[in-house]
Amino acid sequence: MEQDRAVELILIELISSRICHDLVGPVGAVNAGAELMGEAGVADDEALALMRKSGLEAARRLQLFRLAFGRAGNSVDSRSMRDAVAQSFEAEGKVALKWDDVSIDPAHGRLALNMVMLAREALPFGGEINVICESNGRISVNAAGKRAAFRPEIENVMKNEVSPEALDPRTVHGFFVRNLAHRTGGTLSVLQDDGNIALIYV
């Protein structure tokens, strides 16, 4: 029991670190906008535009994190998750998302969302992500783009059993997705081939 609690604490700490890391950029930009407003010669509308854009980006990321890691993801339908990630990608402008309309249960919808978020990390220069959710529970997330690839350490935690003590904020998401797949009764496969990647849950 104590060991289980220790593992849970490690995961909580790492996921919290990951969330904070991803929010530093947009929140920092809001602060930068506030500083611009205080400088002579800078138009207020320029600073306000920066603050508004960065604030919306932070809000979009928080919504994704809430669904991916929080309890809300256990009860939200898959279409709402699709819409949340689609809005984020549309605002970012670097990744095109195609996600079919097949409705699946919240547990599988949450898994699909996490798979999409992992696939986005593997597209450093943008690209396309195609999500197929089948009625039998199979989920396929295919991504293509320039130099699309999972980092070796992230691929490792998705494919192999890894001790939580060996994780860091960069790899904890892959570990989380692999275990989420097992918890929903299936397995996760990872495929990579010259600018194309695929995450498949069956």
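Our structure is the block above this text.
Residues numbered from 1 in each chain as written. Predicted model: local features only at pLDDT ≥ 70, side-chain atom pairs only at ≥ 80, totals over all residues. Heavy atoms only, no water.

Trainee: Can you walk me through the sheet that holds strand 5 (residues 196-201) in this structure?
Mentor: Two orientations exist for strands paired in a sheet by backbone hydrogen bonds: parallel and antiparallel. Read from one edge of the open sheet, five strands run 1-2-3-5-4, paired in mixed fashion. Only two strands of the sheet have a single partner each, and these edge strands are strand 1 (95-99) and strand 4 (188-193). Here the average twist between neighbouring strands, direction ignored, is 10 degrees. In the sheet, strand 3 (residues 139-144) pairs with strand 5 via six bridges, with the strands oriented antiparallel. Bridged to A144 within strand 5 is N196. Against the sheet, helix 5 (residues 152-159) makes contact with strand 4 and strand 5, and its axis sits at roughly 150 degrees relative to strand 4, the strand it touches most. (Pairing = 2+ DSSP bridges. Helix = DSSP H or I, 4+ residues; strand = E, 2+ residues; numbered from the N terminus. Axes fitted to C-alpha atoms, helices over the stretch in contact; angles between N-to-C directions. Contact = heavy atoms within 4.5 Å.)

Trainee: I tried to follow the pairing of strand 5 on my own but got confused; where do I start?
Mentor: Every other side chain in a regular strand lies on the same face of the sheet, so the side chains alternate between the two faces. With respect to burial, strand 5 is a largely interior element, five of its six residues being buried. In this structure, strand 4 lies alongside strand 5, joined through six bridges in antiparallel fashion. Bridge pairing in strand 5 links D193 to N196. Hairpin connection from strand 4 to strand 5: two residues lie between these consecutive antiparallel strands, with D194 at a positive phi of about 45 degrees. (Buried < 20%, exposed > 50% of the residue type's maximum accessible area, 1.4 Å probe, protein only.)

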